[in-house]
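Read off the chains here:
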Amino acid sequence: MPRTYSKLKRLYIDADMTAGTELELDRDQSNYLLNVLRMQTGAELIVFNGRDGAWLATQAHTQAERRQKAVCLRLLALIAPQTPPADLWFGFAPLKTGRLDYVVQKATEMGAGTIQPVITRYTQTTRLNLDRLRANVIEAAEQCEVLSIPVLNQDVSLSQLLSDWPSGRQLIVADEGQPAGSPIERLQQLGDRPSVSVLIGPEGGFSDEERQILLSKQYVIPISLGPRILRADTAAVAALAVVQSIIGDWR
Ligand code: SAH
């Protein structure tokens with residue numbers, strides 16, 4: 001997105017967008033613009049829906065209409081084309097609330113296209129509030145100029161995940177049991193922008209049995225993230241950074 005617009009507020013709105021479109025915002029979004037951002041008639045902002053690129057918009061309603069507490073936005077110009085959905089898949093064992101929010105926000109920022117909660121033997125949280133997680137994904141996308149919103153899936157058990165594993169896709173597993181060493185060479189062997197998934201274990205780590213099963217799969221590539229044991233949320237960001245920089249879209 002051009003830096004010229006970096007000072008403008010960015011807002012995700014689930015509505016089709018073309019030039020000249022007028023968007024009636026729902027109550028929550030109207031309230032947010034009027035009472036939290038204190039936007040005036042004529043003020044500009046950026047809106048996106050995850051499908052139609054980023055648009056410069058202006059608040060079109062007059063002061064009188066404003067009293068009705070509904071905001072109408074008029075789309076002025078497309079300022080950034082839609083980016084394609086990212087192929088990068090990110091799986092993690094759900095953590096307790098604060099860290100869970102953090103992990104989905106960071107996965108969004110780091111460019112995951114799919115975010116998949118995976119239930120393992122030692123997973124701490126099994127009841128997930130997907131609406132809350134999706135709100136975190138959207139907030140991160142708004143903040144970080146991510147135009148393609150990652151798909152957030154329902155949780156799946158590790159065994160189900162492995163039995164449905166798609167052919168041709170490699171699964172990079174952060175495994176603290178690997179001898180500490182750089183993952184660069186191992187990842188470079190995968191070639192140029194391969195289809196990859198990244199999996200992080202729970203705070204308690206994978207069980208011995210899970211680890212054995214994972215390591216027995218042809219498509220699993222275990223990597224070390226260095227000589228220290230990282231917390232799962234740190235490991236998530238570290239693994240995604242390594243993958244994006246060596247075989248992903250940082251290059
Ligand atoms: N059970 C472990 C810690 C698990 S850390 C213990 O207490 O010893 C949580 C997850 O982060 C792990 O399952 C792994 O996926 C990842 N992780 C943490 N440190 C790592 C490292 N040094 N190398 C690779 N993966 C790591």
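Scoring rules and cut-offs
Residues numbered from 1 in each chain as written. Predicted model: local features only at pLDDT ≥ 70, side-chain atom pairs only at ≥ 80, totals over all residues. Heavy atoms only, no water. 1 Å grid on protein atoms, 1.4 Å probe; cavity = no way out; pocket = protein on both sides within 12 Å on 5 of 7 lines; lining within 4 Å. Points joined across faces, edges and corners; volume = space filled by probe spheres on them. Helix = DSSP H or I, 4+ residues; strand = E, 2+ residues; numbered from the N terminus. Nonpolar A, V, L, I, M, F, W, Y, C, P; charged D, E, K, R; others polar. Polar contact = N/O pair within 3.5 Å; in protein donor to acceptor, adjacent residues only side chain to side chain. Contact = heavy atoms within 4.5 Å. Axes fitted to C-alpha atoms, helices over the stretch in contact; angles between N-to-C directions. Parallel < 35°, antiparallel > 145°, perpendicular 65-115°, else oblique. Left-handed = near helix turned anticlockwise from the far one by under 90°. Phe/Tyr/Trp six-rings, centres within 6.5 Å; stacked < 30°, edge-to-face > 60°. Buried < 20%, exposed > 50% of the residue type's maximum accessible area, 1.4 Å probe, protein only. Near = heavy atom within 4 Å. Areas by Shrake-Rupley, 256 points an atom, 1.4 Å probe, with all protein chains shown as cover. Sits in = over half its atoms within 2 Å of the grid points. Domains from an automatic or database assignment. Buried area = accessible area lost by both parts, 1.4 Å probe. Salt bridge = Lys/Arg side-chain N within 4 Å of Asp/Glu carboxyl O.

Caption draft 1: Just empty space enclosed by the protein, in detail. Here the structure, examined in full by the defined rule, presents 1 cavity of 30 Å³ or more. When its volume is computed, the largest cavity comes out at roughly 40 Å³. In terms of lining residues, the largest cavity is bounded by Val173, Asp175, Phe206, Arg211, Leu214, Leu215, Val220 and Pro222. Contributions of two or more residues to the lining of the largest cavity are made by α7 (208-216) and β12 (220-223). It is α7 that provides the largest number of residues to the lining of the largest cavity, a total of 3 residues. Along the lines of polarity and charge, the residues of the lining of the largest cavity split into 6 nonpolar, no polar and 2 charged.

Caption draft 2: A look at the side chain of Gln29. Inspection of the secondary structure assignment puts Gln29 in helix α1 (residues 27-36). Of note is the side chain of Gln29, whose polar atom sits 2.9 Å from the backbone oxygen of Tyr12. Apart from the residues within four sequence positions on either side, Gln29 is in contact with Leu11, Tyr12 and Ile13.

Caption draft 3: Quick look at the packing of helix α3 (residues 97-109) against helix α4 (residues 130-144). At a closest axis distance of 8 Å, the pairing of α3 and α4 adopts a crossing angle of 45 degrees. It follows from the interaxial angle that α3 and α4 lie oblique. Pair α3 / α4 crosses with right-handed handedness. The residues of α4 that touch α3, namely those facing Thr97, Leu100, Asp101, Val104, Gln105, Thr108 and Glu109, are Arg132, Leu133, Asn136, Val137, Ala140, Ala141 and Cys144. Broken down by class, the residue content of the contact of α3 with α4 amounts to 7 nonpolar, 4 polar and 3 charged.

Caption draft 4: Structural detail: the packing of aromatic side chains. For the coordinates displayed, the defined rule picks out 4 aromatic pairs. Considering the side-chain rings of Tyr12 and Phe48, the 5.8 Å spacing of their centres and the 70 degrees angle between planes classify their relative orientation as edge-to-face. Taken together, the residues Tyr12 in strand β1 (residues 10-12) and Phe48 in strand β3 (residues 44-48) connect sequence positions 36 residues apart. Given a relative accessible area of 10%, Tyr12 falls into the buried group. Note on Phe48: relative accessible area 1%, which makes it buried. For the pair Trp165 and Tyr219, a centre-to-centre distance of 5.4 Å together with 10 degrees between the ring planes defines the contact as stacked. With Trp165 in the loop between α5 (158-163) and β10 (170-174) and Tyr219 in the loop between α7 and β12, the pair connects residues that are 54 residues apart, well separated along the chain. For Trp165, a relative accessible area of 13% gives the class buried. Through a chain of ring-to-ring contacts, the aromatic side chains of Trp89, Trp165 and Tyr219 assemble into a single cluster.

Caption draft 5: Structural detail: the site of the ligand. Surrounding the ligand, one finds 18 residues, the nearest of these being Ala174, Gly204, Leu225, Arg228 and Leu230. One nitrogen or oxygen atom from the main chain of Ala174 is found 2.6 Å from an oxygen atom belonging to the ligand. At 3.1 Å, a backbone N or O of Gly226 approaches a nitrogen atom of the ligand. Summarising the interface, the protein chains cover 83% of the accessible area of the ligand, which totals 560 Å² for the free molecule. Judged by the proximity of its atoms to the pocket grid, the ligand belongs to the second largest pocket.

Caption draft 6: Representation of unusual backbone geometry within the structure. The backbone of Glu145 shows a phi angle near 60 degrees, a positive value even though the residue is not glycine. Under the relative-accessibility criterion, Glu145 is labelled partly exposed at 21%. Although it is not a glycine, Arg193 sits at a positive phi angle of roughly 40 degrees. Tracing the backbone through its elements, the reader meets Arg193 in the loop between α6 (184-188) and β11 (196-200).

Caption draft 7: Representation of the domain arrangement of the chain. What the domain assignment lists for the chain is domain 1 (10-80) and domain 2 (89-246). Placing the centre of domain 1 and that of domain 2 at their C-alpha centroids yields a distance of 35 Å. With 8 residues of domain 1 at the contact, the number on the domain 2 side is 11 residues. When the two sides are added together, the surface that domain 1 and domain 2 hide from each other amounts to roughly 730 Å², 61% of it contributed by carbon and sulfur. In terms of surface lost to domain 2, no three residues of domain 1 exceed Arg10, Tyr12 and Phe48, which account for 75% of the buried area on that side. Linking domain 1 to domain 2 there are 1 salt bridge. A salt bridge links Glu145 to Arg10, with the shortest nitrogen-to-oxygen separation between them at 3.1 Å.

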